[in-house]
Amino acid sequence: SRLVPRFQFDLPPYFINNARALSTLEGIARSLDPTFNVLTIMYPYALNRLLRNPSQSPVVERTLQQLIRSEVDGRVDRKKMKRLLRDSATISGLPKRRVVWDIMKEREGRKLVMDILKEEVSYAIKGSSRTSAGDRQNSPKGNKRKWYYLEL
């Protein structure tokens, strides 16, 4: 109750009512089953909604891109993707492999993965064409780029 007046922002009444309803329903479910986790139930819906973006909302698209891309160069950020995968698995209580499977089940998820792969292959080809064969032979082994994103 102190948070809203302290930071002086308004929440729409429907938001507060929905939050109350969800917390009440979660409380009832937890009284029946103490292991109940509402996020496990909401996770597939939220993931599906984020990937499909049925309303073609630029906000949803921008959010997805901000979750996976670097602010510096706009390229896919492996650390962000790993963090997103880890956080999704932690919040939902599902294994990482299941999260990846859920993404790949959706047509839009497969399209996102293919777009990322195309971008990375294009970047790798452009990068390798700029590097001469002699430079590659003299480079230390520790500087090799990893071509994969996620270690499951």
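Structure: see above.
Residues numbered from 1 in each chain as written. Predicted model: local features only at pLDDT ≥ 70, side-chain atom pairs only at ≥ 80, totals over all residues. Heavy atoms only, no water.

**What to know about the overall build of the chain**
Point 1. Assigned secondary structure in the chain consists of eight helices and zero strands.
Point 2. Starting at the N terminus and ending at the C terminus, the chain contains elements arranged as α-α-α-α-α-α-α-α.
Point 3. Counting the 152 residues in the chain, one finds 18% classified as buried.
Point 4. Of the contacts made within the chain by residues no fewer than 6 positions apart, 54% connect residues no fewer than 24 positions apart.
Point 5. For the chain, the exposed area adds up to about 12,100 Å²; of that, 59% sits on carbon and sulfur atoms. (Helix = DSSP H or I, 4+ residues; strand = E, 2+ residues; numbered from the N terminus. Buried < 20%, exposed > 50% of the residue type's maximum accessible area, 1.4 Å probe, protein only. Contact = heavy atoms within 4.5 Å. Areas by Shrake-Rupley, 256 points an atom, 1.4 Å probe, with all protein chains shown as cover.)

**Comments concerning helix α5 (residues 78–92)**
Point 1. For α5, built from 15 residues, the straight-helix expectation of 21 Å at 1.5 Å per residue is met to within 8% by its first-to-last C-alpha distance of 21 Å.
Point 2. The set of residues buried in α5 consists of K80, M81, L85, S88, A89 and S92. In an axial view of α5, the angular spread of the buried residues amounts to 165°, which keeps them on one side of the axis. Those residues of α5 that are exposed and aimed more than 90 degrees away from the buried face are K79 and T90. (Expected span 1.5 Å × (residues − 1). Arc of directions from axis to C-beta.)

**Section: the environment of V76**
Point 1. Locating V76 in the fold gives a position in the loop between α4 (58–68) and α5.
Point 2. Residue classification places V76 among the buried positions, given a relative accessible area of 8%.
Point 3. Spatially, the C-alpha atom of V76 lies 8.6 Å from that of Q65, the residues being 11 residues apart in sequence.

**Some details on the pattern of salt bridges**
Point 1. Following the criterion strictly, the structure yields 12 salt bridges and no others.
Point 2. Linking E106 and R52 is a salt bridge whose minimum nitrogen-to-oxygen distance equals 2.9 Å. In this pair, E106 is assigned in the loop between α6 (96–105) and α7 (107–130) and R52 in helix α3 (residues 38–52), connecting sequence segments 54 residues apart.
Point 3. The class for R52 is partly exposed, based on a relative accessible area of 42%.
Point 4. The salt bridge involving R52 is made with E108; its shortest N-O contact spans 3.7 Å. Remark: E108 occurs in helix α7 and R52 occurs in helix α3; sequence separation between them is 56 residues.
Point 5. Taken together, the shared-partner salt bridges in this structure form one network comprising R52, E106, R107 and E108. (Salt bridge = Lys/Arg side-chain N within 4 Å of Asp/Glu carboxyl O.)

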